[in-house]
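# Structure at a glance
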Amino acid sequence: MFGTNNALKADLDRLSAASQLNDQSALEIYNKYFNLGLNERIEKIFREAIEQIRNTKEMIATGNDIAIKHENSLIEQADSIRGDKGGIDEAIQKLLDLSRLMVESTRENREQITQTNEKLAQLQNELEVARNEADHDKLTRLPNRWKFDRDLTAAFERQQEEQKPFVLAFADVDHFKRINDTFGHECGDRILRLIANELSLLSDHRCTISRYGGEEFAILVGGHDVHQIFQEIDECRANMASKSLVDVESGRSIGPVTFSVGMAESSLSDTKQSLLRKADVALYNAKSGGRNMICQYSADFEDRRRVVD
């Protein structure tokens, strides 16, 4: 309204000039600038707190260095004058004594500042540990949905910079409710950890695995050929399907546990919402096609999508 938010104004001007200011783009603008959820607000607090601590530490360290420099200079000057006993009267002597007292007092203050700085460093470390814990799922130790949302945003930013697509895939455990109902939730939890470990074999500096929610996992991959990604994920799926599992509590055979995968390659015109929908459509196609398979998104899936268990 007033043009004080330059980034918002630039987005609105760009969309308006391209005649693309519609309900969908307006919703995306709203979500980007105004609809900060609880997770985003917590993340903002973490970032600001850590940054404030870092700045305070640097300020204290700089002030400490300056104080030491001035103290040393003052002591040198005082000792130099003290050495000339014949040219110093009582007032100057008292002034020198006072200066030395001031230096001693400054040193005491500096010790307190050093202790405070050490506490700040400890607090910063604790905040960073807490932030890391908040980013990870307690059961599987994979990044959680909150962290995935930020990783997906970062992937889109890299795509704009590098002009290269990336891949998003959803992996969903087949018949997981049946496993929980038959063998119990503890067994279900162990299976989720097993699949998380299996998927983690795909991880590298360009591939992240997250627990998206429930029995669903998200895979983000950049900088690789899409056919190579398809093959690597499919090999992971086949390795899991080849295992014959046994419930450690009852000794009963669980048999093979499988998962289905839907994957989609991003395009420069995609938004977060559109890419998530593509991967979701591909996943439902894999589920409806018989499960224990991987499907890459195709526009043909849109007409054939239907909800399955």
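Our subject is the structure listed above.
Right, let's walk through the structure included here. (Residues numbered from 1 in each chain as written. Predicted model: local features only at pLDDT ≥ 70, side-chain atom pairs only at ≥ 80, totals over all residues. Heavy atoms only, no water.)

### Some words on the overall build of the protein chain
- Along the backbone of the protein chain there are 10 helices and 7 strands.
- Counting all 309 residues of the protein chain, 35% fall into the buried class.
- Expressed as a percentage of contacts within the protein chain between residues at least 6 apart in sequence, the contacts between residues at least 24 apart total 63%. (Helix = DSSP H or I, 4+ residues; strand = E, 2+ residues; numbered from the N terminus. Buried < 20%, exposed > 50% of the residue type's maximum accessible area, 1.4 Å probe, protein only. Contact = heavy atoms within 4.5 Å.)

### Topic: the sheet that holds strand E1 (residues 166–173)
- Strand order in the open sheet formed by 5 strands is E2-E3-E1-E6-E7, with mixed pairing between adjacent strands. The open sheet terminates on both sides in strands that have one partner only, identified here as strand E2 (207–213) and strand E7 (294–296). Averaged over all pairs of adjacent strands, the angle between strand axes in this sheet comes to 20°, irrespective of strand direction.
- In this fold helix H8 (residues 226–241) packs onto E1, strand E3 (216–222), strand E6 (259–265) and E7, with an angle of close to 170° to the strand it touches most, E6.
- This element, helix H9 (residues 272–288), spans E1, E2, E3, E6 and E7 of the sheet and lies at about 145° to E6. (Pairing = 2+ DSSP bridges. Axes fitted to C-alpha atoms, helices over the stretch in contact; angles between N-to-C directions.)

### Some details on a nonpolar patch on the surface
- On the surface, Leu27, Tyr30 and Phe34 cluster together into a nonpolar patch covering about 320 Å² of accessible area.
- Residue position: Phe34 is located in the loop between helix H2 (23–33) and helix H3 (38–82). (Patch = residues over 30% accessible without salt bridge, like charges linked within 9 Å, V, L, I, M, F, W, Y side chains within 5 Å. Areas by Shrake-Rupley, 256 points an atom, 1.4 Å probe, with all protein chains shown as cover. Salt bridge = Lys/Arg side-chain N within 4 Å of Asp/Glu carboxyl O.)

### Examining the nonpolar core
- Grouped together as the largest cluster of nonpolar side chains are 32 residues, with contacts concentrated most on Ile195, Leu199, Phe217, Ile219 and Val257.
- Elements supplying a minimum of two residues to this core: E1, helix H6 (176–183), helix H7 (185–200), E2, E3, H8 and E6.
- At 6 residues, the largest contribution of residues to this core is made by H7.
- In contact with Ile219, other than residues within four places in its own chain, are Val167, Leu168, Ala169, Leu199, Leu202, Cys207, Thr208, Ile209 and Ile233.
- If you look at the next biggest cluster of nonpolar residues, it comprises 14 residues, including Phe156, Ala218, Ala264 and Leu283. (Core = buried A, V, L, I, M, F, W, Y, C linked by side-chain atoms within 4.5 Å.)

### Observations concerning unusual backbone geometry
- Positive phi, normally seen in glycine, also occurs at Gln163, with a value near 55°.
- Tracing the backbone through its elements, the reader meets Gln163 in the loop between helix H5 (145–162) and E1.
- Positive phi, close to 55°, is recorded for Asn292, a residue that is not glycine.
- For Asn292, the location among the structural elements is in the loop between H9 and E7.

### Here's the deal with the environment of Gly222
- Assignment of secondary structure puts Gly222 in strand E3.
- Taking C-alpha positions, Gly222 is 9.7 Å from Glu265, a pair spaced 43 residues apart along the chain.
- If we skip the residues at most four places from it in the chain, Gly222 touches Phe166 and Arg206.

### Quick notes on the side chain of Ser260
- Along the chain, Ser260 turns up in strand E6.
- Polar side-chain contacts of Ser260 include one of 2.7 Å to the side chain of Asp174.
- Beyond its immediate sequence surroundings of up to four residues, Ser260 is in contact with Phe170, Ala171, Asp172, Asp174, Leu283, Ala286, Lys287, Arg291, Asn292 and Met293. (Polar contact = N/O pair within 3.5 Å; in protein donor to acceptor, adjacent residues only side chain to side chain.)

### What to know about the packing of H7 against H8
- Where H7 meets H8, the closest approach of the two axes is 10 Å, and the angle between their N-to-C directions is 145°. Relative to H8, the crossing made by H7 is right-handed. On H8, the residues touching Leu194, Ile195, Glu198 and Leu199 of H7 are Cys236, Asn239 and Met240.
- Across the contact of H7 with H8, the residue classes tally to 5 nonpolar, 1 polar and 1 charged. (Left-handed = near helix turned anticlockwise from the far one by under 90°. Nonpolar A, V, L, I, M, F, W, Y, C, P; charged D, E, K, R; others polar.)

### Observations regarding empty space enclosed by the protein
- Applying the stated rule across the entire model yields 1 cavity of 30 Å³ or more.
- Roughly 50 Å³ of internal volume is contained in the largest cavity.
- The wall of the largest cavity is formed by Ala155, Arg158, Gln159, Glu162, Lys164, Pro165, Phe166, Arg206, Gly222 and Gly223.
- Per element, the largest residue contribution to the lining of the largest cavity is 4 residues, and it comes from H5. (1 Å grid on protein atoms, 1.4 Å probe; cavity = no way out; pocket = protein on both sides within 12 Å on 5 of 7 lines; lining within 4 Å. Points joined across faces, edges and corners; volume = space filled by probe spheres on them.)

### Brief notes about the packing of H5 against H9
- Their axes nearest at 11 Å, the elements H5 and H9 cross at an angle of 110°. Taken as axis vectors, H5 and H9 run roughly perpendicular relative to one another. Seen from above, H5 lies across H9 with right-handed handedness. Taken together, the residues of H9 that come into contact with H5 (itself represented by Phe148, Asp149, Leu152, Thr153 and Phe156) are Lys272, Leu275 and Leu276. (Parallel < 35°, antiparallel > 145°, perpendicular 65-115°, else oblique.)

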